[in-house]
Amino acid sequence: MTTVASPGDGLRVRQAERADLLAVHRIEQVSFPQPWPFDAFERYLGEPGFLVADGEAIVGYVVADSVPNHGRPLGHIKDIAVRERHRGAGIGSTLLERALGVLDARGVSSVKLEVRESNTGAQRLYREFGFVHRRTVPRYYSDGEDALVLVCDQ
């Protein structure tokens, strides 16, 4: 995947590489109460929808893929996070926009994601991209919190 400029001086969005995994995993651990294990990220290496925001260091990432759904691929934003000190600079928006572009190029017309009911910041970002609440999954997370399932038609 070609690197492209994004918010901030010298920041690029590119496909994740093995050397990025430790930084991605560290961001994951401090961003979520139920972080993905390291090997979960390893499984997505080489996937076009596993992207990192890279400056002098990895400052964010997104994991997106598609699955068959009644004969048409359904996109899924599986994970997205930005280092806390870099939030609010448009990096999450850029990562999400690029991931949606990757999914669109793969023929995806609809994209879903799950977000914690308490994560209003992420919900605001997703709504800016046209995601709408379709349903709530009670006690989706191991701590008992509900998940909102949001969907966007591209």
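The sections below set out a description of the structure shown in this document.

## What about the pairing of strand β4 (residues 58–69)?
By the bridge criterion, five bridges tie strand β3 (residues 50–54) to β4 in an arrangement that is antiparallel. Looking at the pairing, Asp 54 lines up with Ile 58 of β4. Remark: three residues form the turn of the hairpin made by β3 and β4, two consecutive strands paired antiparallel. Where β4 folds back on strand β5 (residues 72–82), the antiparallel hairpin that results is connected by two residues, among which His 70 adopts a positive phi of roughly 55°.

## So, the pairing of strand β6 (residues 110–116)
Burial of β6 is extensive: six of the seven residues sit out of reach of the surface. Across four bridges, β5 lies against β6 in parallel orientation. Bridge pairing in β6 links His 76 to Lys 112. Crossover connection from β5 via helix α3 (residues 91–105) to parallel β6: handedness right-handed. Strand direction decides the pairing type here: β6 and strand β8 (residues 147–153), joined by seven bridges, are antiparallel. By the bridge assignment, Arg 116 is partnered in β8 with Ala 147.

Thresholds applied
Residues numbered from 1 in each chain as written. Predicted model: local features only at pLDDT ≥ 70, side-chain atom pairs only at ≥ 80, totals over all residues. Heavy atoms only, no water. Pairing = 2+ DSSP bridges. Helix = DSSP H or I, 4+ residues; strand = E, 2+ residues; numbered from the N terminus. Buried < 20%, exposed > 50% of the residue type's maximum accessible area, 1.4 Å probe, protein only. Right-handed = clockwise from strand over helix to strand, strands pointing away.

Just distances and angles here, no functional claims.
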